[in-house]
Amino acid sequence: MATTSDIRNGLCIVYNSDTFKVVEFQHVKPGKGPAFVRTKLKSLTSGKVIDNTFSAGHKIEEVRVETRKYQYLYAEGDTFNFMNTDDYNQITLERSTLDAPDLLKEGEIVTIIVRSEDEMPLSVDMPQSVILEVTYTEPGIKGNTATNATKPATVETGASVNVPLFINEGDMIKIETAKGTYQERIKS
């Protein structure tokens, strides 16, 4: 058993007879009254995100997990196929277990969190950022870069990302996977 002081991002816990992953947390110590921990929990079975508040010292049941490196192979409808980079075993996961499935490129290495006791895959952690090629966007107008204006662009995985006006088709861009936002253009 763990307490609220052990809560951190990525921690997997059992709450209301379901397995949740801590997405966000904040320790709050008000001037009056007891301290508490405000959390945002993502259900690893349904994918729903809930807000919950734990009082300080509250006991929580931690889930023992292992992290393993997998390579993304291909998608079939709403299922995604991955291969373990150590023993080459393949697994299939539903779209709901992935945080940003639209930004996943074939051959990408991801970290899959697996429950230790029954080898059940719980969630997929993408790299912090991915580098993708812009396949379609409206042409940029020269000299129109003074403002912070953006335009929609489609990348090679089919995802749509808002990019600055100077980005053109064929450019390689870096995208933050947590928010799905443009970070920078990559010069080749």
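Every chain begins its residue count from 1, and numbering advances along the sequence as written. Reporting of local features is limited, given that this is a predicted model, to residues whose pLDDT is at least 70; pairs of side-chain atoms are given and counted only at 80 or more, and all residues count toward the totals for whole chains, interfaces and linings. With hydrogens and water set aside, each side-chain value is computed from the structure's full complement of heavy atoms.

The name that an unreviewed UniProt entry assigns to the protein chain is Elongation factor P, with the source organism given as Wenyingzhuangia heitensis. Recorded in UniProt for the protein chain, the comment headed Subcellular location (unreviewed entry) runs: "Cytoplasm". Recorded in UniProt under Pathway (unreviewed entry), the annotation for the protein chain is "Protein biosynthesis; polypeptide chain elongation." UniProt positions are given in the numbering used here, feature names are shortened, and annotations may be inferred rather than shown by experiment.

It is worth spelling out the pairing of strand 7 (residues 65-76) at this point. Following DSSP output, two strands are said to pair if at least two bridges run between them. In DSSP terms, a helix is any run of H or I states spanning at least four residues, a strand is any run of E spanning at least two, and both are numbered starting from the N terminus. Of the pairings in the sheet, the one linking strand 7 to strand 10 (residues 109-115) comprises 7 bridges and is antiparallel in character. Pairing of Arg68 across the sheet is with Ile112, part of strand 10. Where strand 7 meets strand 8 (residues 79-84), 6 bridges bridge the pair, whose relative direction is antiparallel. In the sheet register, Tyr74 faces strand 8, and the bridge partner there is Asn81. If you look at the hairpin formed by strand 7 and strand 8, you'll find 2 residues sitting between the two strands, and Gly77 has a positive phi there, around 65°.

Quick look at the confidence of the model for the protein chain now. The pLDDT value expresses, per residue, how confident the predictor is, ranging between 0 and 100. Mean pLDDT over the protein chain stands at 88; residues scoring 70 or higher make up 96%. Predicted confidence in the protein chain is weakest over strand 11 (residues 120-125), with a mean pLDDT of 83, and strongest over strand 15 (residues 172-176), with 93.

Aromatic pairs are defined between Phe, Tyr and Trp rings, using the six-membered ring for Trp, whenever the two ring centres lie within 6.5 Å; interplanar angles under 30 degrees are classed as stacked, those over 60 as edge-to-face, and all others as tilted. This model, assessed by the stated rule, comprises 4 aromatic pairs. Seen in terms of ring centroids, Tyr72 and Phe82 are 5.6 Å apart; in terms of plane orientation they differ by 55°. Their pairing is tilted. Residue Tyr72 is found in strand 7, and its partner Phe82 is found in strand 8; the two are separated by 10 residues along the sequence. An aromatic cluster of at least three residues, connected via ring pairs, comprises Tyr15, Phe20 and Phe54.

On to the sheet that holds strand 12 (residues 129-137), then. Here 5 strands make up an open sheet; going across it, the order is 14-13-12-15-16 and the pairing antiparallel. In this open sheet, the two edge strands, each paired with only one partner strand, are strand 14 (160-164) and strand 16 (181-186). Shown here is a sheet whose adjacent strand axes are inclined to one another by a mean of 55°, direction ignored. Relative to strand 15, strand 12 runs antiparallel, the two being bridged by 5 bridges. The residue of strand 15 that forms the bridge with Leu132 is Ile173. A fitted line through C-alpha atoms represents every axis, and for helices the fit uses only the stretch in contact; the resulting angles, taken between N-to-C directions, go from 0 to 180 degrees.

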